[in-house]
Amino acid sequence: MGRAEAPGRVDGRTARAERTRAAIVEAHLALISEGDLRPTGERIAERAGISLRTLWTNFKDMETLFEASGEEVLRQQDAAYRPIPPTLPLAKRVDAFCRQRARLLQLIAPSARAAQMREPVSEQLRRNRLKHIDRVREEVEQLFATELAQAGPGRDQVVHALVAASMWPAWSMLRDGLGLGVDQARAAMARTVAALLADAARR
């Protein structure tokens, strides 16, 4: 039986592998942010300063790379996220929520555009999207709990509408489809969110 490797050697190898994986993810997201929405393995490896073989040693396929890159995008969102006190008046909560959503959606815009192109043939990108949806749904349900409680049997419908109004597809329509600036798009989102909550409170 061979001797066990020294812990320092193993730890060093693990640390190098983690740095390599991080460099690959960083290269992938950097290319996307620069407009290369479907970067190939060759371009990612070149950008990361590694061989193509090293790329596929660390990630067995594009799906596993999509998973790691999706986790990094979520980490970036978490770092930029600021909790909104649910005790604020409704108008202030709506304003703060939409300002934050606009900021976070602008942050993920390149990766969201890239995902839209490949999601029809990628199970992992669909799973990544569901993670974003779950996070926004959780925030909506906590931040607007008082108003949603007044919606009665229509509560779930209001939640679905609020989530849809504050996710990437709606933001893309406002920004890319209608050509609105960030402030205009945010104002349109805020009007929609406020109207949905006012309607819920009247029921």
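You'll find the structure just up there.
Residues numbered from 1 in each chain as written. Predicted model: local features only at pLDDT ≥ 70, side-chain atom pairs only at ≥ 80, totals over all residues. Heavy atoms only, no water.

### With respect to the packing of aromatic side chains
Within the structure shown, the criterion is met by one aromatic pair. Judged by centre distance (5.6 Å) and plane angle (80°), the rings of Phe97 and Phe144 are edge-to-face. Separated by 47 residues along the polypeptide, Phe97 in helix α5 (residues 90–118) and Phe144 in the loop between α6 (123–143) and α7 (145–149) bring together distant segments of the chain. The buried category is assigned to Phe97, whose relative accessible area is 1%. (Phe/Tyr/Trp six-rings, centres within 6.5 Å; stacked < 30°, edge-to-face > 60°. Helix = DSSP H or I, 4+ residues; strand = E, 2+ residues; numbered from the N terminus. Buried < 20%, exposed > 50% of the residue type's maximum accessible area, 1.4 Å probe, protein only.)

### Details of helix α10 (residues 182–202)
The terminal C-alpha atoms of α10 lie 30 Å apart, and with 21 residues this matches the ideal 30 Å at 1.5 Å per residue to within 8%. Among the residues making up α10, those that are buried are Ala185, Arg186, Met189, Ala190, Val193, Leu197 and Ala200. The buried side chains of α10 occupy one side of the element, clustering within an arc of 135° when seen end-on. The exposed set on the far side of α10, more than 90 degrees from its buried face, consists of Gln184, Arg191 and Arg202. (Expected span 1.5 Å × (residues − 1). Arc of directions from axis to C-beta.)

### Structural notes on the side chain of Glu119
Tracing the backbone shows Glu119 in the loop between α5 and α6. Those residues in contact with Glu119 that lie beyond four places of it in its chain are Leu125, Arg126 and Arg129. (Contact = heavy atoms within 4.5 Å.)

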